[in-house]
Amino acid sequence: MGGRVRIASMPIISSVIIAPVLHRFRKNYPFVKVELIEGTALEIRNAVTEHRVDFGITSSPFENFDVELLMQDRMLAISNSPFKADTYNLHSSPEELIFCRAGHETAMEILKKQDISLEKSFIVQQAETVIKLVENENGIGVISGLVLSNNANSLYTIPVNPDIEIDIGIVSTNLDDLTPSAIEMKRMIKEQVQSLQNME
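Heads up: these notes are all about the structure in this document. If you're wondering where the values come from, they're calculated on a predicted model, not measured in any experiment. (Residues numbered from 1 in each chain as written. Predicted model: local features only at pLDDT ≥ 70, side-chain atom pairs only at ≥ 80, totals over all residues. Heavy atoms only, no water.)

Next up on the list: the overall build of the protein. Helix and strand content of the protein: 6 helices and 10 strands. In summary, the protein has a C-alpha radius of gyration of 18 Å against a globular reference of 16 Å for 200 residues, a match within 12%. In the protein, which comprises 200 residues, the share counted as buried stands at 50%. Total accessible area computed for the protein in this model is approximately 10400 Å², and 48% of it derives from carbon and sulfur atoms. Side chains of the protein give 18 positive and 27 negative charges; the mean places of these two sets differ by 6 Å. (Helix = DSSP H or I, 4+ residues; strand = E, 2+ residues; numbered from the N terminus. Rg over C-alpha atoms; globule rule 2.2 N^0.38 Å. Buried < 20%, exposed > 50% of the residue type's maximum accessible area, 1.4 Å probe, protein only. Areas by Shrake-Rupley, 256 points an atom, 1.4 Å probe, with all protein chains shown as cover. Lys, Arg positive; Asp, Glu negative; His and termini not counted. Charge placed at Lys NZ, Arg CZ, Asp CG, Glu CD.)

Turning next to the pattern of salt bridges. Scanning the entire structure with this criterion turns up 10 salt bridges. Glu-63 is the salt-bridge partner of Arg-45, the closest N and O atoms lying 3.5 Å from each other. Remark: Glu-63 occurs in the loop between strand E3 (55-59) and strand E4 (66-79) and Arg-45 occurs in helix H2 (residues 41-49); sequence separation between them is 18 residues. Exposure remark for Arg-45: the relative accessible area of 3% places this residue in the buried category. (Salt bridge = Lys/Arg side-chain N within 4 Å of Asp/Glu carboxyl O.)

Counting 67 residues, the largest nonpolar core has Ile-13, Phe-55, Ile-57, Leu-90, Met-185 and Ile-189 as its most contacted members. A per-element tally of this core places helix H1 (residues 11-28) first, with 8 residues. For Phe-55, the residues in contact, after removing those within four places along its chain, are Arg-6, Ile-7, Ala-8, Val-48, Ile-170, Val-171, Ser-172, Leu-178, Ala-182, Met-185, Lys-186 and Ile-189. (Core = buried A, V, L, I, M, F, W, Y, C linked by side-chain atoms within 4.5 Å. Contact = heavy atoms within 4.5 Å.)

Our focus in this paragraph is the packing of aromatic side chains. Going through the model one piece at a time under the given rule, you end up with 2 aromatic pairs. When the centroid spacing of 5.0 Å and the interplanar angle of 50° are considered together, the rings of Phe-25 and Tyr-29 count as tilted. (Phe/Tyr/Trp six-rings, centres within 6.5 Å; stacked < 30°, edge-to-face > 60°.)

Moving on, we get to the pairing of strand E10 (residues 165-172). Most of E10 is tucked away, with 6 of its 8 residues classed as buried. As paired strands, E3 and E10 are joined by 4 bridges and run antiparallel to one another. Of the residues in E10, the one forming a bridge with Thr-58 is Gly-169. Here E4 runs beside E10; their pairing, made up of 8 bridges, is antiparallel. Paired with Met-71 across the two strands is Ile-168, which belongs to E10. (Pairing = 2+ DSSP bridges.)

A separate point is unusual backbone geometry. Residue Pro-162 is bonded to the preceding Asn-161 through a cis peptide linkage, with omega at 5°. Along the chain, Pro-162 falls in the loop between strand E9 (156-161) and E10. Phi at Glu-63 takes a positive value of approximately 55°, unusual for a residue other than glycine. You will see that Glu-137, though not glycine, has its phi angle at about 60°, which is positive. Among the secondary structure elements, Glu-137 is positioned in the loop between helix H4 (127-135) and strand E8 (140-144). Since its relative accessible area comes to 65%, Glu-137 is described here as exposed.

Turning our eyes to something else, we now look at the environment of Ala-102. Along the chain, Ala-102 falls in helix H3 (residues 101-111). When its relative accessible area of 26% is taken as the criterion, Ala-102 is described as partly exposed. Distance from Ala-102 to Ile-123, taken between C-alpha atoms, is 9.4 Å for residues 21 residues apart in sequence.

Burial along strand E6 (residues 97-100) is two-sided: the face carrying Leu-97 and Phe-99 and the face carrying Ile-98 and Cys-100 are both buried. Across 2 bridges, E6 lies against E8 in parallel orientation. Bridging from a neighbouring strand, Ile-98 pairs with Gly-141 of E8. Relative to strand E7 (residues 122-124), E6 runs parallel, the two being bridged by 3 bridges. Residue pairing for E7: Cys-100 is matched across the bridge by Val-124. The β-α-β motif built from E6, the intervening H3 and the parallel element E7 has right-handed crossover chirality. (Right-handed = clockwise from strand over helix to strand, strands pointing away.)

In structure tokens form, the structure reads like this:
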């Protein structure tokens, strides 16, 4: 098999799922060139729409793309001290919330019908920065459970209210029209997700 595979992915998916897949894929198919673009959900959707990639791995909403669901994630509130409730109300103090850019974008898309404004929240580039800011008592972080599970910390966590559940899937303008190399990469990614879920 030759040719190339172009993928767009959120950084957390790249590190947790694509990194081990890429190693196996390159070993099995040394003549296939792999290109990986990382970005936010919006940037990934744009790359797919503009046919700059074979497929993207991103969070819902998936708009009009062909999609194969990979997993479900949810946003969690994190704090350096214990919470006083079972869930964290996003209405209460938006000014103390800390998001990474991708998480804020996802939350805004889901919450826009709930009349919740996150304009006063603090936004940073990386999820790791959210964790460090919370560890240093700068506020309440709102972060993906998948991200949190892959960053060692001793923070307190609870679900947010309203609940923000996120579907993560493989998206393309036409999943039936992928190259053989892209089909094999997609198969290996799905296999990796399945093996991670079996370990939970």
